[in-house]
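The chain contents come next:
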Amino acid sequence: MHEFVDDLRASVRAFTGRDFKFSTEVMEPGAVSIRLAQHDEEAGIIPLRLNEHAILGLRIEFRCSWDSTKSFLAVERSSFAVYPRDKANGEPLFRVEYDRRKSSYPSSHIHVHAHRDEMTHLLGLHRKLNPSNDKKVRNFISTYPALSRFHFPTGGHRFRPCLEDVLEALRQEFKLKVPRKKDWEYRLAEARLKWRKTQTAAAVRDCPDAALRVLVDELGMPSPVGWECPPGKKSKIVRG
């Protein structure tokens, strides 16, 4: 757990030039909550600056669980919420989220807190087209679905973006300044490499026949003798 938190702090420090504390809380046996430490009973938020002005705020939350050996911390849920300015008491601009156990929508997704009449109308259309249920029809007429309820998929369990990807996108799109660009670029590459190696290893475990085919057919590895490739985990490969 300490390594997980240290990696978070290292990325935030390289991006902002400041050190932010993260609090950890054991929610239940085997489950841990990790988030920015609160200040004066307010939710923790990281100010992101342009020319010394805090134009955005970032909230980071993780809920993790230990594997059976207590040696590997797996992310069950995560949320990176981006707010206008540095206040977390209103509606965010967007949220990048992951929920490992959900199957009713993409596990890795983005919520965009914006407004478009056509989108919100179509999101609620299924309720309008069910005249057999008067209550649903009344609800449709009296309420307006928000665009932020739509889950834009972002790569599923194995190929979802990491925190550093979100920070780099904000830097590029909003022209944010980092204290030392070379330090941030080094940290970004280091974090991405570690994250993507971990996810690549997980994908190989899910689909070992594809990994074997690349090693033998494309990279020239001798075909293993007396070894049979184990079956893949199709359910993990195809889920959103």
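Scroll up a little and you will see the structure.
Let us look at the structure shown here. Remember, predicted model here, so these are calculated numbers, not experimental data. Starting afresh in each chain, residues are numbered from 1 along the sequence in its written order. Per-residue local features of the predicted model are confined to residues with pLDDT of at least 70, and side-chain atom pairs are confined, for both listing and counting, to 80 or more; whole-chain, interface and lining totals are unaffected and use all residues. Side-chain figures throughout are based on the complete set of non-hydrogen atoms in the structure, without hydrogens or water.

Turning our attention to the pairing of strand β7 (residues 108–112). Should DSSP find at least two bridges between two strands, the strands are regarded as paired. Strands are runs of DSSP state E lasting at least 2 residues, helices are runs of H or I lasting at least 4, and numbering of each runs from the N terminus. In this structure, strand β6 (residues 94–99) lies alongside β7, joined through 5 bridges in antiparallel fashion. Looking at β7, one finds that E97 is bridged to H109. Alignment of β7 against strand β8 (residues 152–153), held across 2 bridges, turns out to be antiparallel. Within β8, the position partnered with H109 by the bridge is P153.

Glancing now at the packing of aromatic side chains. Where two aromatic rings form a pair, the distance of their centres and the angle of their planes describe that pair. Working definition: rings of Phe, Tyr and Trp (its six-membered ring) pair if their centres are within 6.5 Å, and the pair is stacked with planes under 30 degrees apart, edge-to-face with planes over 60 apart, and tilted otherwise. With the rule as written, the count across this model stands at 4 aromatic pairs. Note on F15 and W184: the rings are 4.9 Å apart at their centroids and 80 degrees apart in plane angle, and the pair reads as edge-to-face. On the criterion of sequence distance, the pair formed by F15 in helix α1 (residues 2–16) and W184 in helix α6 (residues 181–206) is long-range, its members being 169 residues apart. A single burial state applies to F15 and to W184, both of which are buried. A cation over an aromatic ring shows up here: R160 above the ring of Y98, its NZ or CZ 3.7 Å from the ring centre. Only protein chains enter the accessibility calculation, which uses a 1.4 Å probe; a residue whose area is less than 20% of its type maximum is buried, one above 50% is exposed, and one in between is partly exposed. Counting as a charge over the ring demands two things of the Lys NZ or Arg CZ atom: a distance within 6 Å of the ring centre and an angle within 35 degrees of the ring normal.

Another point: the pairing of β6. In terms of strand pairing, strand β5 (residues 73–84) meets β6 through 6 bridges, oriented antiparallel. Directly across from S79, in β6, lies its bridge partner E97.

Function-wise, these values are silent; they only describe arrangement.
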